[in-house]
Amino acid sequence: MNLIIMGAPGSGKGTQAALICKAHSLPHISTGDLLRKNIADGTELGKQAKSFMDAGKLVPDELVLALLKDRIEQADCKNGFLLDGFPRNKAQADALGKIVTIDTALNLETDLNKLADRMASRRVCLKCGYTTSAQDAPDGKCKVCGDTLVIRDDDKREVVENRLKVYAENTAPLVQYYKEKGVLKNIDGMQTIEQVNNAIEAALK
Ligand code: AMP
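Anyway, here's the lowdown on the structure attached to this text. From a predicted model like this one, the values you see are computed outputs, not experimental measurements.

**Description of the side chain of Q16**
Link 1 in the chain: Tracing the sequence through the fold places Q16 in helix α1 (residues 13-24).
Link 2 in the chain: Within the structure, the side chain of Q16 is placed 3.0 Å from the backbone oxygen of I193, a separation counted as a polar contact.
Link 3 in the chain: Residues within four places of Q16 in sequence aside, it is in contact with I5, L108, I193, V196, N197 and I200.

In C-alpha cells:
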C-alpha cells in the first residue's frame, strides 16, 4: 500500500499520518520531519534547507528528492509507506511517479481561514516528531519520549501566511493531478481527530 496524505499546512496531516501508519504498520515518511531532523543534527542538507523553511518557502526540489529517494529505498518501505508533505508541487509528483506507483492519495479538505490559529498553538517534539497542541500538553513535554516540546520556527504568524500561499499556488493543484490519475480520496478534515481517522479508514477499505 503506497499512500500519500495531502492537505494544507495545519490540516492535521501529520496527526492522521501517524494514526494510519500505526494501524497499518506502514513507515511514516514526512519530508518536513526529515528536514527538521537534518537541521537539528547540523547536516549540510539541513543548513541548505533552513533558510527556505524559516521563510515558509519550499526547499528546492533536488534537495528534497534526494532525501525522499534515499528514504524510500530503505528496506522497511518494500511493502508500502505513507508520504506526508511530499509531493509539494507537480515536478515532485512527476518525479515520484517515476519511482513508485501511488495507490491512494488522501486529501484533507480544510477551511484555510481557520488554519492559522491551529498552527499558532501547534507544539512539536524535535526528537521524535510527535505533534500536539499547547492546550493538550500543558507541561510542555512530549508524551512519547519526554523531550521538551517547541514551537516550530515556521509556525510564527508572519511565516504561516506565506506557507498557506505557497500551498495554494504549488500544492493544491495536486488534488486535481491525483484525481485525474483515479487515486484521489477527499476527506473532510474539519471534524475531530477521531472522525477524520474513521473517514480515512473507510476510504482505505
Ligand atoms: P511540513 O512539516 O510538511 O509542514 O514542512 C515544513 C517545511 O519543510 C515546508 O514549509 C517546506 O519549507 C519544507 N518542506 C517539507 N516537505 C517539502 C517538500 N516536499 N518540498 C519542499 N519543501 C518541503
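**Description of the site of the ligand**
Link 1 in the chain: In the vicinity of the ligand, 16 residues are found, and the nearest of them are T31, R36, K57, G85 and Q92.
Link 2 in the chain: Note that an oxygen atom of the ligand is positioned 3.1 Å from one of the side-chain N or O atoms of R152.
Link 3 in the chain: For the ligand, whose accessible area on its own is 480 Å², the fraction buried by protein is 97%.
Link 4 in the chain: Element by element, the count of residues in the shell around the ligand is highest for helix α2 (residues 31-41), at four residues.

**Regarding the packing of aromatic side chains**
Link 1 in the chain: Per the stated rule, a full pass over the model turns up one aromatic pair.
Link 2 in the chain: With a centroid separation of 5.0 Å and an interplanar angle of 70°, the aromatic rings of Y177 and Y178 are classed as edge-to-face. Accessibility assignment for this pair places Y177 and Y178 in one class, buried.

**Focus on the sheet that holds strand β8 (residues 184-188)**
Link 1 in the chain: Strands sit in the order β2-β3-β1-β4-β8 across an open sheet of five strands; the sheet is parallel. One side of each edge strand has no neighbouring strand; the edge strands of this open sheet are β2 (28-30) and β8. Going from strand to strand, the sheet's axes swing by 20° on average, the running direction of each strand aside.
Link 2 in the chain: Inspection of the sheet shows strand β1 (residues 2-7) paired to strand β4 (residues 104-109) by five bridges, in the parallel sense. Among the inter-strand pairings, I5 is bridged to a residue of β4, identified as L106.
Link 3 in the chain: Against the sheet, α1 touches β1, β2, β3 (81-84) and β4, its axis set at about 160° to β1.

Calculation notes
- Residues numbered from 1 in each chain as written.
- Predicted model: local features only at pLDDT ≥ 70, side-chain atom pairs only at ≥ 80, totals over all residues.
- Heavy atoms only, no water.
- Helix = DSSP H or I, 4+ residues; strand = E, 2+ residues; numbered from the N terminus.
- Polar contact = N/O pair within 3.5 Å; in protein donor to acceptor, adjacent residues only side chain to side chain.
- Contact = heavy atoms within 4.5 Å.
- Near = heavy atom within 4 Å.
- Areas by Shrake-Rupley, 256 points an atom, 1.4 Å probe, with all protein chains shown as cover.
- Phe/Tyr/Trp six-rings, centres within 6.5 Å; stacked < 30°, edge-to-face > 60°.
- Buried < 20%, exposed > 50% of the residue type's maximum accessible area, 1.4 Å probe, protein only.
- Pairing = 2+ DSSP bridges.
- Axes fitted to C-alpha atoms, helices over the stretch in contact; angles between N-to-C directions.

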